[in-house]
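Structure at a glance
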Amino acid sequence: MQGIVDGIAAHVAPLCRQGQVASYIPSLGGVSPDNFGICVAMADGGVYGAGDWQVPFSIQSISKVFSLALVMSYDYDSIWKRVFREPSGTPFNSMVQLEADHGIPRNPFINAGALVVTDRLLTLTGDAAASVRGLLRQESGNPAVDVDAVVAASEADHGHRNASMAHLLASYGNLENPVDEVLDNYFKQCALEMCCEDLAKASLFLARHGVAAGGTPFLAPNQSKRVNAVMLTCGTYDAAGEFAYRVGLPGKSGVGGGIVAIVPGRCAITVWGPALGPNGNSVAGIAALDEFTTRTGWSIF
Ligand code: GLU
């Protein structure tokens with residue numbers, strides 16, 4: 001496996017400057033596109049990394065997997081009364097569909113759906129961002145995982161579209177908490193900073209059918225299956241079909257350039273390359289995961 005990840009890092013290095021680093025959150029815009037990291041955390045404990053796999057980055061929308069898993073762990077599946085689980089076919093921050101669908105977001109990984117999940121987690125725990133951080137610390141084994149306050153503030157300062165969406169959700173009665181509190185928790189969870197190694201370890205419960213790092217069930221096996229299914233169909237923006245075609249695994253990407261992918265029963269893989277393609281997915285990251293499933297044969301298909 002070490003040879004495979006080393007080979008992939010070398011293979012995708014020339015792609016790092018293809019695409020654009022996200023700059024609509026100004027503090028993300030300064031990250032060098034030359035970074036590339038990959039980590040494979042095996043369900044049986046082995047960890048293999050290459051490149052910048054221990055350099056922290058902003059996990060952004062990848063946090064939405066963990067907030068969804070937490071809500072499902074407390075609430076079984078009642079969240080699905082407030083969020084659909086279909087691909088949206090629209091950009092992650094689109095508002096048009098939300099109005100047409102009367103305030104029920106198309107899935108939990110577009111921003112509107114993630115705001116509803118964060119709202120529910122806030123009701124359940126009193127501090128949604130701290131719960132996501134707690135889960136990530138516990139599962140990665142790294143107590144230093146934390147929010148990058150500068151990124152969170154940058155998002156809040158430029159968060160007019162997310163604020164509009166939250167108000168629209170509230171107008172349809174699909175928020176339980178005040179808009180400002182939901183947004184604050186959402187911006188903080190998106191601004192969590194982690195490296196590929198910690199994020200791969202923290203995602204392993206989805207490869208272990210819901211079993212947490214300590215060996216106890218965090219999610220029931222069929223809940224873990226469902227989170228993976230929503231990642232497969234909705235986890236990589238409006239390019240989930242292309243991701244399934246090229247990679248063939250459940251995955252979730254973020255505008256910080258990270259992607260988490262799961263091989264159920266085997267491993268979690270994290271890649272990070274900050275330059276994004278037109279659909280918001282890391283160009284080098286997608287290429288690396290494509291190589292990974294090609295070289296290992298570990299796709300779900
Ligand atoms: N915090 C980002 C936003 O709300 C998340 C975007 C993403 O990674 O998809 O715009």
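Summary of the structure given here.

Rules and cut-offs
Residues numbered from 1 in each chain as written. Predicted model: local features only at pLDDT ≥ 70, side-chain atom pairs only at ≥ 80, totals over all residues. Heavy atoms only, no water. Pairing = 2+ DSSP bridges. Helix = DSSP H or I, 4+ residues; strand = E, 2+ residues; numbered from the N terminus. Contact = heavy atoms within 4.5 Å. Axes fitted to C-alpha atoms, helices over the stretch in contact; angles between N-to-C directions. Salt bridge = Lys/Arg side-chain N within 4 Å of Asp/Glu carboxyl O. Buried < 20%, exposed > 50% of the residue type's maximum accessible area, 1.4 Å probe, protein only.

Here we come to the sheet that holds strand E5 (residues 146-147). Across the sheet, three strands lie side by side as E4-E6-E5; this open sheet has antiparallel pairing. Among the strands making up the open sheet, the edge pair consists of strand E4 (57-58) and E5. Here two bridges tie E5 to strand E6 (residues 192-194), and the two strands are oriented antiparallel to one another. Among the inter-strand pairings, valine 147 is bridged to a residue of E6, identified as leucine 192. Against the sheet, helix H5 (residues 128-140) touches E5 and E6, its axis set at about 15 degrees to E6.

When the charged atoms of two side chains with opposite charge come close together, those side chains can pair. All chains considered together, the criterion is met by 12 salt bridges. Note that arginine 120 is salt-bridged to aspartate 75, the shortest N-O span being 2.6 Å. On the criterion of sequence distance, the pair formed by arginine 120 in helix H4 (residues 111-125) and aspartate 75 in helix H2 (residues 63-75) is long-range, its members being 45 residues apart. Considered together, arginine 120 and aspartate 75 belong to a single accessibility category, that of buried residues. Of the charged contacts, one joins aspartate 119 and arginine 82 as a salt bridge, the two residues approaching to 2.7 Å between their closest N and O atoms. With aspartate 119 in helix H4 and arginine 82 in the loop between H2 and helix H3 (96-100), this residue pair connects regions lying 37 residues apart in the sequence. For aspartate 119, a relative accessible area of 0% gives the class buried. Overlapping salt bridges, with partners in common, bring together Asp75, Arg82, Asp119, Arg120 and Glu176 in one network.

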